[in-house]
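Residue-level structure breakdown
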Amino acid sequence: MALSLRSKCTTQLKQNKSWKEACFQDPEATEVTEDGPVPTDVNSFLLACYRKNKWFDSFTCWAAAQALENSIVVFKFVHGQWVFLQRFDSAKPTTRGPIPLFIRRAFHYHRP
């Protein structure tokens, strides 16, 4: 399932140009989070999206919301409590509740 979602996210990013102007080199990205060399531009970022162990970032999370046609709400554990970080909405309206994504100690957790 993860491979299928990764493919759908990458396809979404390739087909949609709106995110490309906002693309930047993530200052927190490492060879571990990127599963290889840190991308330096849009093309190297798209290639990195195919890597098996590349971590989710804001662009792939946005693409996941579009591919799943559902909102994703991200929370991060900071100073002993869960804090809202960001919401990614699908361009298509949905009546389903958002998918929560929790980040703790640099790991992502999904709770259905």
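Everything numeric here is computed off the predicted structure, so don't read it as measured data.

What follows deals with helix 3 (residues 58-68). Those residues of helix 3 that sit buried are Phe59, Thr60, Cys61, Ala63, Ala64, Ala65 and Gln66. Immediately downstream of helix 3, the backbone of Glu69 shows phi near 50°, a positive value.

Relative to the helices and strands, Asp57 is located in the loop between helix 2 (42-48) and helix 3. A distance of 3.0 Å separates the side chain of Asp57 from the backbone nitrogen of Phe59, its partner in a polar contact.

This brings us to the pattern of salt bridges. Under the definition given, this model contains four salt bridges. Glu34 is paired through a salt bridge with Lys54; the nearest N and O atoms lie 3.3 Å apart. Of this pair, Glu34 sits in the loop between helix 1 (2-15) and helix 2 while Lys54 sits in the loop between helix 2 and helix 3, and the two are 20 residues apart along the sequence. Note on Glu34: relative accessible area 5%, which makes it buried. Among the salt bridges present, the one from Lys54 reaches Asp57, with a minimum N-O distance of 2.8 Å. Assessed through its relative accessible area of 4%, Lys54 is described here as buried. Since its relative accessible area comes to 16%, Asp57 is described here as buried.

This next bit is on the nonpolar core. Counting 16 residues, the largest nonpolar core has Leu13, Trp19, Phe45, Cys61, Ile72 and Val74 as its most contacted members. Counting only elements with at least two residues in this core, the list comes to helix 1, helix 2, helix 3, strand 1 (72-78) and strand 3 (99-104). Considering every element that reaches this core, the biggest residue donor is helix 3, with five residues. Look past the residues within four positions of Trp19 in its chain and what remains in contact with it is Leu13, Val42, Phe45, Leu46, Phe59 and Trp62.

Further remarks concern the pairing of strand 1. Where strand 1 lies against strand 2 (residues 81-88), seven bridges are found, and the strand directions are antiparallel. Along strand 2, the bridge assignment pairs Ile72 with Phe88. Remark: two residues form the turn of the hairpin made by strand 1 and strand 2, two consecutive strands paired antiparallel; His79 in that turn has positive phi of roughly 50°. For strand 1 and strand 3, the ladder comprises five bridges, and the chain directions are parallel. Looking across to strand 3, one finds that Val74 is bridged to Leu101.

With the rule as written, the count across this model stands at seven aromatic pairs. A ring pair is formed by Trp19 and Phe59, whose centres lie 5.6 Å apart and whose planes are at 50°; its orientation type is tilted. With Trp19 in the loop between helix 1 and helix 2 and Phe59 in helix 3, this residue pair connects regions lying 40 residues apart in the sequence. Like Phe59, Trp19 is buried.

Here the focus is the confidence of the model for the chain. For the chain, per-residue confidence averages 86 on the pLDDT scale, and 90% of positions sit at 70 or higher. Put simply, strand 4 (residues 107-110) is where the chain has its lowest mean pLDDT, 47, and strand 2 is where it has its highest, 95. Scored below 50 in pLDDT, residues 108-112 shows 14 contacts in the model against residues more than four places distant or in partner chains.

So, how was this worked out
- Residues numbered from 1 in each chain as written.
- Predicted model: local features only at pLDDT ≥ 70, side-chain atom pairs only at ≥ 80, totals over all residues.
- Heavy atoms only, no water.
- Buried < 20%, exposed > 50% of the residue type's maximum accessible area, 1.4 Å probe, protein only.
- Helix = DSSP H or I, 4+ residues; strand = E, 2+ residues; numbered from the N terminus.
- Polar contact = N/O pair within 3.5 Å; in protein donor to acceptor, adjacent residues only side chain to side chain.
- Salt bridge = Lys/Arg side-chain N within 4 Å of Asp/Glu carboxyl O.
- Core = buried A, V, L, I, M, F, W, Y, C linked by side-chain atoms within 4.5 Å.
- Contact = heavy atoms within 4.5 Å.
- Pairing = 2+ DSSP bridges.
- Phe/Tyr/Trp six-rings, centres within 6.5 Å; stacked < 30°, edge-to-face > 60°.
- pLDDT = per-residue confidence, 0-100.

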